[in-house]
Amino acid sequence: MANVEAEAAADGGADVPLYQQVVESLRASIAAGTFAVGERLPTEDALCRSFGVSRHTVREALRALRGEGLIESRQGAGSTVVNRASRPLYTYSVTSIEELLQYAEQVRYEVDKSGIVVADAALAARLGCKPGERWLRVEGFRYAAGETIPVCWTEVYVRADYAGIALKIGKGTGTVYSWIEEMYGVRVESVEQTLRGEPLPDAIAPTLGAAVGSMAVGVHRHYRLGDGSLIEVASNLHPVERFRYSVRLNRRG
């Protein structure tokens, strides 16, 4: 394996970060079968010597490979190859309410927990509602077709007045907001969407194929009717290594 620090110096300073160069080299070795599925990678010390990089650089590279689903790491047991090919990068490009329906039809929602909750002060601040209001809370994971590792973890709050849609959640494709419209004869007129970086909860990181302590991209939406009333709040947490946000901007006129 190449000494990437020496190569970077020879190139007069590479644009590609050192850890990414390590990632690309190890990824190629895994794809070529140099490190077979089920085989352990060399220790961190050995990788540091082989690539001529710091332990921090090696750990960042291993974290990225875990995010791609190529390896699994256990304390005291090193890193083991689990796949020869990376999981596909998830590209998020929803730019309209109608496109949310298309997105929901591309991924299935498997519900883990659901139930009615009463908003305390902290939850009310999160949702943007009044303390004491009742909400249907649902949480679970979303999966792309043919994938066994989830795309994201999803938490949904629906105002209790519309809790009847619980019968549909997780039973097929479609959006929560469209089921509310269909069952209750209302119309969602606006969706406020916020993206932010945040810690990935330790409890869900392993299921998402991410390292404990890693970061996530949170996609948070507030759904409102024409009179401004809030009827749904949805949050999706994506492992940061597998998420890309794409928006196309066109000139007017």
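Visitor: Mind showing me how you'd approach helix α3 (residues 44–51) here?
Guide: Along an α-helix, a turn takes 3.6 residues, which lines up residues three or four apart on a common side. Residues Ala46, Leu47, Cys48 and Phe51 constitute the buried set of α3. Of the residues trailing α3, glycine 52 is marked for its positive phi of about 65 degrees.

Visitor: Explain the confidence of the model for the protein chain to me, please; I cannot follow it from the model alone.
Guide: Detailed reading of predicted coordinates is not advised where the pLDDT is low. Of all residues in the protein chain, 85% attain a pLDDT of 70 or more, and the chain-wide mean is 85. Confidence over residues 9–13 falls short of pLDDT 50; this stretch has 1 contact with residues more than four positions distant or in other chains.

Visitor: I tried to follow the pairing of strand β6 (residues 152–159) on my own but got confused; where do I start?
Guide: A regular strand places its side chains on the two faces of the sheet in alternate fashion. With 8 of 8 residues buried, β6 lies mostly within the body of the structure. Of the two faces of β6, both are covered, the one formed by Cys152, Thr154, Val156 and Val158 as well as the one formed by Trp153, Glu155, Tyr157 and Arg159. Summarising the sheet, strand β5 (residues 134–144) and β6 pair through 8 bridges and their orientation is antiparallel. Paired with leucine 136 across the strands is valine 158, a residue of β6. Pairing between β6 and strand β9 (residues 230–239): 6 bridges, direction antiparallel. Opposite glutamate 155, over in β9, you have serine 235 as the bridge partner.

Visitor: Can you walk me through the packing of α3 against helix α4 (residues 55–67) in this structure?
Guide: Two measures define how a pair of helices packs: the angle their axes make with one another and the distance between the axes. At their nearest, the axes of α3 and α4 sit 9 Å apart, and the two run at 110 degrees to each other. Here α3 is positioned roughly perpendicular relative to α4, judged by the angle of their axes. Residues Glu44, Asp45, Leu47 and Cys48 of α3 lie in contact with α4, whose contacting residues are Arg55, Val58, Arg59 and Leu62. For the contact of α3 with α4, the class distribution of residues is 4 nonpolar, no polar and 4 charged.

Visitor: Can you help me understand the packing of aromatic side chains in this one?
Guide: Aromatic ring pairs are defined here through the distance separating the ring centres and the angle between the ring planes. The full count for this structure, using the stated rule, is 2 aromatic pairs. Relative to tyrosine 184, the ring of tyrosine 162 lies with its centre 5.1 Å away and its plane at 90 degrees, an arrangement referred to as edge-to-face. Taken together, the positions of tyrosine 162 in the loop between β6 and α7 (176–184) and tyrosine 184 in helix α7 put the pair 22 residues apart, joining distant regions of the chain. Exposure remark for tyrosine 162: the relative accessible area of 13% places this residue in the buried category. Between tyrosine 177 and tyrosine 223, the aromatic rings sit 5.9 Å apart at their centres with planes inclined by 25 degrees, giving stacked as the arrangement. With tyrosine 177 in helix α7 and tyrosine 223 in strand β8 (residues 215–225), this residue pair connects regions lying 46 residues apart in the sequence.

Visitor: Explain the sheet that holds β8 here, please?
Guide: Strand pairing within a sheet occurs via backbone hydrogen bonds; the two strands may be parallel or antiparallel. Pairing is antiparallel across the open sheet formed by 6 strands, whose spatial order is β4-β5-β6-β9-β8-β7. The sheet is open, and its two borders are formed by β4 (107–118) and β7 (188–199), each paired with just one other strand. Within this sheet the neighbouring strands show an average axis-to-axis angle of 15 degrees, counted without direction. Summarising the sheet, β7 and β8 pair through 11 bridges and their orientation is antiparallel. Across the sheet, glutamine 193 pairs through a bridge with arginine 221, a residue of β8.

Visitor: Can you help me understand the environment of isoleucine 231 in this one?
Guide: For isoleucine 231, the position within the fold is in strand β9. Counting along the chain gives 54 residues from isoleucine 231 to tyrosine 177, while the straight-line C-alpha distance between them is 8.5 Å. Look past the residues within four positions of isoleucine 231 in its chain and what remains in contact with it is Trp135, Tyr157, Val158, Arg159, Tyr162, Ile180, Val188, Tyr223 and Leu225.

Visitor: What am I meant to see in α4 here?
Guide: With 13 residues, α4 ought to run about 18 Å at 1.5 Å a step, and its terminal C-alpha atoms sit 18 Å apart, in line with that. What α4 keeps buried is the set Thr57, Val58, Ala61, Leu62, Ala64, Leu65, Arg66 and Gly67. Packed against the buried residues of α4 are α2 (18–31), α3, β1 (71–74) and β2 (78–81). One or two steps after α4, the chain reaches glycine 69, where phi turns positive at roughly 80 degrees.

Conventions we followed
- Along each chain, numbering runs from 1 in the same order as the chain's sequence is written.
- Selection of residues for local features in this predicted model requires a pLDDT of at least 70, selection of side-chain atom pairs for listing and counting requires 80 or more, and totals for whole chains, interfaces and linings are taken over all residues.
- Hydrogens and waters are ignored; side-chain quantities use all the structure's heavy atoms.
- Burial classes follow relative accessibility: with a 1.4 Å probe on protein chains only, a residue under 20% of its type's maximum area counts as buried, one over 50% as exposed, and anything between as partly exposed.
- Numbering of helices and strands starts at the N terminus; helices are DSSP runs of H or I of at least 4 residues and strands are runs of E of at least 2.
- A residue's pLDDT is the predictor's confidence in that residue, given on a scale from 0 to 100.
- For this analysis, residues touch if any pair of their heavy atoms sits within 4.5 Å.
- Paired strands, in this sense, are two strands between which DSSP finds at least two bridges.
- The axes are straight lines fitted to the C-alpha atoms, using for helices just the contacting stretch, and the angles between their N-to-C directions are given from 0 to 180°.
- In what follows, roughly perpendicular refers to angles from 65 to 115 degrees, roughly parallel to angles under 35, roughly antiparallel to angles over 145, and oblique to any angle outside these ranges.
- Gly falls in the polar group here, along with every residue not listed as nonpolar (Ala, Val, Leu, Ile, Met, Phe, Trp, Tyr, Cys, Pro) or charged (Asp, Glu, Lys, Arg).
- Two rings belonging to Phe, Tyr or Trp (six-membered ring only in the last case) form a pair when the distance between their centres is within 6.5 Å. Interplanar angles under 30 degrees mark stacking, angles over 60 mark edge-to-face geometry, and anything in between is tilted.
- Helix span, expected: 1.5 Å multiplied by one less than the number of residues in the helix.

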